[in-house]
Amino acid sequence: MPRPLATLLLAALGSLAQASPAPSVRVGALAFGTLGWELAIIRSRGLDQAQGIAIEATELASPEAGRIGLQGRSLDIVVSDWLWTARQRQQGQPLSFAPFSTSHGALVVPRDSAVKDVADLRGKRLGIAGGGLDKNWLLLKTLAQQTQQLDLEKSATLSFGAPPLLNQQLEHGQLDAVLTYWNYAAKLEAQGYRELLDGRQLQKRLGIDADVPVLGYVFREDWAKANPQAVDGFLKAAAEARQRICESDADWQQVVPLTREPDSQAQAMLRRHYCAGRWPAAASIPSTAAQTLFDRINAAAGEPAAAIPAGTFWSAPKP
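Caption draft 1: Layout of the confidence of the model for the protein chain. Summary statistics for the protein chain give a mean pLDDT of 90 and a share of 93% for residues scoring 70 or more. Of the regions scoring below 50 in pLDDT, residues 5-19 engages in two contacts with residues more than four places distant in sequence or in other chains.

Take a look at the structure:
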């Protein structure tokens, strides 16, 4: 008996749905960044497939390359901070930020250094990861000015550069202190260097008591709204990968080669710092603390005070 036309049509549509490719997510990850750790676990455990998405990863040479790719629409997601995201929204770029970490940097000195506090940076050679608008540098500069009336731009010899180069210069005695990203600070700490201040302590000394997640995934708001399965699937896969890295030794062993650290103590230090900075996916960002931090950064960058633009912090549309 021939099957009704409606039944045949439904069967055909079902086959097409099953054959349709999973939504792709183009992710840019730094060659030396921890997003690469998460992507490795997502790939090995099939976490993207479990969420019905396909991740296309691109290795980046610098954070700036990722930002350019995101703004040029050749990438969908990169890792950055919400302070940069907010400034981009002020300039008309509709970017949004989903947090994952409170770890973002530290000021490191040799163990036997005479530098005990910010005031001791006067006359010293200070290496700074990133550019002149790096969030850690703006916070340190603000702290020195507000608490010590110390203008580090005039009172210290500054060197801006890539984290690996700065670590090397510190190790060779060419710098007295380094303000660098948390993972490079952890590597130095494992070698016996002393962490003077980390990003959270910088914030607290500026009167920001609540923890504010700084690092997260940044993407275009219009892309996220047009591709809810892609962004939601990626965030869930990444969250599970972070959990596995911190709670499963077997998964951590897959990550170890990506740390590029042969020393087991350095590997353990990296894992400890990475896990200590995790931000719960369902936690709300303290709005007052975030606004205070935004005000401090704007003032240090010579920009006028402004409210954090609506939409900076991603909130998935309600069905």
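Caption draft 2: Representation of the sheet that holds strand 9 (residues 194-198) in the model. Within the open sheet, the five strands sit side by side as 7-6-8-5-9. Their pairing is mixed. Because the sheet does not close on itself, it has two edges, and the strands there are strand 7 (157-161) and strand 9. Here the strands of the sheet are splayed against their neighbours by 20° on average, with no regard to which way each runs. Two elements, strand 6 (residues 125-129) and strand 8 (residues 177-180), share three bridges in a ladder whose sense is parallel. The partner of Leu126 across the bridge, within strand 8, is Ala177.

Caption draft 3: Molecular detail of unusual backbone geometry. A positive phi angle is found at Gln149, which is not glycine, with a value near 50°. With respect to the element layout, Gln149 can be found in the loop between helix 6 (135-148) and helix 7 (152-155). In this structure, Arg260 is a non-glycine residue whose phi angle is positive, near 60°. With respect to the helices, strands and loops of the structure, Arg260 is situated in the loop between helix 13 (249-259) and helix 14 (264-276).

Caption draft 4: Representation of the pattern of salt bridges. In the structure shown here, the tally under the stated rule is 18 salt bridges. The partner of Arg205 in a salt bridge is Asp117, and the shortest N-O contact between them spans 3.0 Å. With Arg205 in helix 10 (residues 199-205) and Asp117 in the loop between strand 5 (106-109) and strand 6, the pair connects residues that are 88 residues apart, well separated along the chain. For the salt bridge of Asp222 with Arg220, the shortest nitrogen-to-oxygen distance reads 3.5 Å. Looking at Asp222, the relative accessible area reads 34%, which means it is partly exposed. Judged by relative accessible area, Arg220 falls into the buried class, the value being 10%. Salt bridges here are not isolated pairs; linked through shared partners, they connect Arg45, Glu240, Arg244 and Asp251.

Caption draft 5: Structural context of the environment of Ala61. Here Ala61 lies in the loop between strand 2 (54-60) and helix 4 (63-71). Each C-alpha atom of the pair Ala61 and Phe32 lies 8.7 Å from the other, and the pair is 29 residues apart in sequence. When residues no more than four places from it in sequence are discounted, the contact partners of Ala61 are Leu30 and Phe32.

Caption draft 6: Broad picture of the packing of aromatic side chains. Applying the stated criterion across every chain, the model contains 11 aromatic pairs. On the numbers, 5.2 Å between centres and 50° between planes, the contact of Trp37 with Tyr274 is tilted. On the criterion of sequence distance, the pair formed by Trp37 in helix 2 (residues 35-45) and Tyr274 in helix 14 is long-range, its members being 237 residues apart. The same class applies to Trp37 and to Tyr274, which are both buried. One aromatic cluster is present, formed by Trp37, Trp182, Trp252 and Tyr274 through successive ring pairs. Taking the ring centre of Tyr184 as reference, the NZ or CZ of Lys187 above it sits at 5.0 Å.

Caption draft 7: The arrangement of the environment of Ser284 in detail. Following the sequence through the fold, Ser284 ends up in the loop between helix 14 and helix 15 (287-300). Sequence separation of Ser284 and Phe234 is 50 residues, and the distance between their C-alpha atoms is 19 Å.

Caption draft 8: Just the nonpolar core, in detail. Trp82, Leu107, Leu121, Leu140, Leu152, Val212 and Leu293 are the most contacted members of the largest nonpolar core, which has 43 residues in total. In terms of nonpolar packing, the next biggest core, distinct from the first, is built from 40 residues, Trp37, Ile41, Tyr217 and Ala266 among them.

Caption draft 9: Quick peek at the state of the cysteines. Following the criterion strictly, the structure yields one disulfide and no others. Residue pairing for Cys246: its cysteine sulfur links by disulfide to Cys275, the two sulfurs lying 2.1 Å apart. Every disulfide takes its handedness from the sign of the S-S torsion; for Cys246 and Cys275 that torsion is -105°, giving left-handed. In this pair, Cys246 sits in helix 12 (residues 228-247) while Cys275 sits in helix 14, placing the two residues 29 residues apart along the sequence.

The rules behind these values
Residues numbered from 1 in each chain as written. Predicted model: local features only at pLDDT ≥ 70, side-chain atom pairs only at ≥ 80, totals over all residues. Heavy atoms only, no water. pLDDT = per-residue confidence, 0-100. Contact = heavy atoms within 4.5 Å. Pairing = 2+ DSSP bridges. Helix = DSSP H or I, 4+ residues; strand = E, 2+ residues; numbered from the N terminus. Axes fitted to C-alpha atoms, helices over the stretch in contact; angles between N-to-C directions. Salt bridge = Lys/Arg side-chain N within 4 Å of Asp/Glu carboxyl O. Buried < 20%, exposed > 50% of the residue type's maximum accessible area, 1.4 Å probe, protein only. Phe/Tyr/Trp six-rings, centres within 6.5 Å; stacked < 30°, edge-to-face > 60°. Lys NZ or Arg CZ within 6 Å of the ring centre and 35° of its normal. Core = buried A, V, L, I, M, F, W, Y, C linked by side-chain atoms within 4.5 Å. Disulfide = S-S within 2.5 Å.

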